[in-house]
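Observations on chain architecture
Residue strings, one per chain:
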Amino acid sequence: MKIVDRIALILTIIGGVNWGLIGIFKFDLVAWIFGGQDAVLSRIIYTLVGLAAIWCISLMFRNDAIEE
């Protein structure tokens, strides 16, 4: 697996965990760590997670061999 794929998957997992926390506990971990939803660092993380999710769409359509 390419390094870009791994980074994208890690960021997508971070985003999924954050959304799970928001849905269950109404707690935004990214905003809490980086100083609120309007903080520059939070917005950068949100943007990176969104871009990673878009990148992960390409993983569904690849014909790479399945690793065991």
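Our structure is the block above this text.
On a predicted model such as this, the values are computed, not experimentally measured, just so you know. (Residues numbered from 1 in each chain as written. Predicted model: local features only at pLDDT ≥ 70, side-chain atom pairs only at ≥ 80, totals over all residues. Heavy atoms only, no water.)

1. A closer look at the packing of aromatic side chains
In this description, an aromatic ring pair is defined by two values, namely the gap between the centres and the angle between the planes. Within this structure, the stated rule accounts for 1 aromatic pair. Pairing phenylalanine 27 with tryptophan 32 gives two aromatic rings, centres 5.8 Å apart and planes at 55 degrees, and the pair type is tilted. Residue classification places tryptophan 32 among the exposed positions, given a relative accessible area of 61%. (Phe/Tyr/Trp six-rings, centres within 6.5 Å; stacked < 30°, edge-to-face > 60°. Buried < 20%, exposed > 50% of the residue type's maximum accessible area, 1.4 Å probe, protein only.)

2. Topic: helix H1 (residues 3–25)
Structural remark: α-helix, 3.6 residues per turn; residues separated by three or four positions point the same way. For H1, with 23 residues, the first-to-last C-alpha span of 32 Å sits near the 33 Å given by 1.5 Å per residue. Just beyond H1, the residue with positive phi is lysine 26, at close to 55 degrees. (Helix = DSSP H or I, 4+ residues; strand = E, 2+ residues; numbered from the N terminus. Expected span 1.5 Å × (residues − 1).)

3. Some words on the pattern of salt bridges
Applying the stated criterion to the full structure yields 1 salt bridge. Across the pair aspartate 5 and arginine 62 runs a salt bridge, and its minimum N-O distance is 2.5 Å. Placement of the pair is aspartate 5 in helix H1 and arginine 62 in the segment after helix H3 (40–60), with a sequence separation of 57 residues. With a relative accessible area of 26%, arginine 62 lands in the partly exposed category. (Salt bridge = Lys/Arg side-chain N within 4 Å of Asp/Glu carboxyl O.)

Just distances and angles here, no functional claims.
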